[in-house]
Amino acid sequence: MSLQDRVEYAVRKCEKLGASEAEAYAQKQRVVEIVLERGEIQSERTKIHEGISVRLVKDKKLGFAYTSTLSEKEIEKACEAAFALARASAPNPDWISLPKTAETPTSPEGIFDPRIAELQGTDVLNLAIQAAEAVKEKDRRAAIDDGKFTAATGETAIANTHGINCVEKATVFSCYLVCIAKEMGKASSMVFEYEITRSLGKLSPTQLGEKAAEKAVASLNPKSVPSFTGKVLLDTDPAAAVLAYTITNSVNAENVQRKRSLWAEKIGEEVASPVLNVVDDGLLPFGVYSSAFDDEGVPRRKTEILTKGVLKGFLHNSFTANKANTASTGNAYRQDYTALPTVLSSNMIIQPGDKTLEQMISEIDKGIIVRRFSGNVRPESGEFSGIAKQASFIENGEVKHALKETMISGNVFEALKNIVAIGSETRATLYRAYVPPTLLDNIKIVSKH
């Protein structure tokens, strides 16, 4: 039986049991990974994950069960368990329906790379070695503390009683290095550098290693500066952690409907600087989080979030969309087959500006650049505070020196209104967002003396 056969089989079984509606979601994944510790190869392993879950409804009562064994017998047991749970559950008065049949679009370009699917442990090991060698060659003061290189190939199949029936294969390669630099008995702060891509051809282990070494060495010999309120240039990753993370949470329809979003009643209002344009694009070619359909089988699409700072819409799965009497935006998300669908962005894209990072730095009279952020961001209120890591002081358009024990704090919703400039270089981040460097004003900068 194929994965698609198994989800169809599960739906038929649920119908025979007497379910009003039923859905089956199945996954198969092959993961090849190399783990580095203290700069040495510690392990090489290939793992296979597979499983199927069943979500069924009986008289507005939900039952959910899953199994990691894809045999007919175990699938039947999962269906029976879900049905028993539904019968014992309280009805959900907000329940309307599972998603209905829709034409599934063709898979976006570039989400399956046969070269990634064919990688063996030795191939992934060679890529890790290239990155490790690049660190050493770039600067002998830099060394790898740990890292991981992972090639994943996955297949997803979804079917339900309303005619949804789809299957898709995808690949992704992800890797990271944690680096530290030492000079004259003093160590830099830890540098976390990573890449995530759909295409092996777009991966450069050498570039990854060089960037990690550069950032580690750049944070040697840090100095303090007097505290001030002013300009902060967030590189791609901290911009994702602070700005994109808050935007994603604020337009999540679950949060909107539970009154956990300050933007709940602000469709059509200007909530950010007019330079800010944001879309969620689940069909982005080569997009790290692209797919033909979401985790309920609803076709992905492109959704406007912010246009010239004006809030345009929210992200929905089928439940939140039905509750709001609107259409799903194709943003149902499951961490894996063991979880019920929630709402999450696909590829949240902050549209780039027209200035390089170097140009943005050259226009700062006094401020700092932050390459990594470690702290708290509260998307419900927008309050954020934390340590600015791999941070440097900028004066008269030049990076002067690394910063020691510096904290930044402010409110994200205010910061979104105080965007000075957006960079031209966008990259995929671990926050399901493509984010360029972003220059903010009026941020509190506190440096210990």
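Model, not experiment: these values are computed from the prediction.

Engineer: So, the pattern of salt bridges: which residues are in play, and what are the values?
Structural biologist: Counting across every chain of the model gives 18 salt bridges. For Glu80, the salt bridge is made with Lys13, and the minimal N-O distance between the two is 3.6 Å. Of the two residues, Glu80 sits in helix α2 (residues 72-88) while Lys13 sits in helix α1 (residues 3-17), which places them 67 residues apart along the sequence. Residue Glu80 is classed as partly exposed on the basis of its relative accessible area of 39%. The salt bridge partner of Asp113 is Arg115, with a shortest N-O separation of 3.1 Å.

Engineer: Just give me the short version of empty space enclosed by the protein, but keep the residues and values in it.
Structural biologist: Evaluation of the coordinates by the stated rule reveals two cavities of 30 Å³ or more. Lining of the largest cavity is provided by Phe192, Glu193, Tyr194, Lys215, Asp235, Thr236, Asp237, Arg371, Arg372, Gln390 and Arg427. Contributions of two or more residues to the lining of the largest cavity are made by β7 (191-197), α6 (236-250) and β15 (366-377). Sorting elements by how many residues they give to the lining of the largest cavity places β7 first, with three residues. Of the residues that constitute the lining of the largest cavity, the class distribution is two nonpolar, two polar and seven charged. Of the voids in this model, the second largest cavity is the one considered here, and its volume is about 30 Å³.

Engineer: Give a description of the sheet that holds strand β21 (residues 433-435) that names residues and reports values.
Structural biologist: The sheet built from six strands is open, its strands ordered β11-β10-β9-β14-β21-β20 with mixed pairing. Of all the strands in the sheet, just β11 (310-311) and β20 (427-428) have a single pairing partner and so form its edges. For strand β14 (residues 348-350) and β21, the ladder comprises two bridges, and the chain directions are parallel. When the sheet's bridge partners are listed, Met348 is paired in β21 with Ala433. Docked against the sheet, α6 engages β9 (278-281), β10 (302-307), β14, β20 and β21, running at close to 130° with respect to β21.

Criteria and thresholds
Residues numbered from 1 in each chain as written. Predicted model: local features only at pLDDT ≥ 70, side-chain atom pairs only at ≥ 80, totals over all residues. Heavy atoms only, no water. Salt bridge = Lys/Arg side-chain N within 4 Å of Asp/Glu carboxyl O. Helix = DSSP H or I, 4+ residues; strand = E, 2+ residues; numbered from the N terminus. Buried < 20%, exposed > 50% of the residue type's maximum accessible area, 1.4 Å probe, protein only. 1 Å grid on protein atoms, 1.4 Å probe; cavity = no way out; pocket = protein on both sides within 12 Å on 5 of 7 lines; lining within 4 Å. Points joined across faces, edges and corners; volume = space filled by probe spheres on them. Nonpolar A, V, L, I, M, F, W, Y, C, P; charged D, E, K, R; others polar. Pairing = 2+ DSSP bridges. Contact = heavy atoms within 4.5 Å. Axes fitted to C-alpha atoms, helices over the stretch in contact; angles between N-to-C directions.

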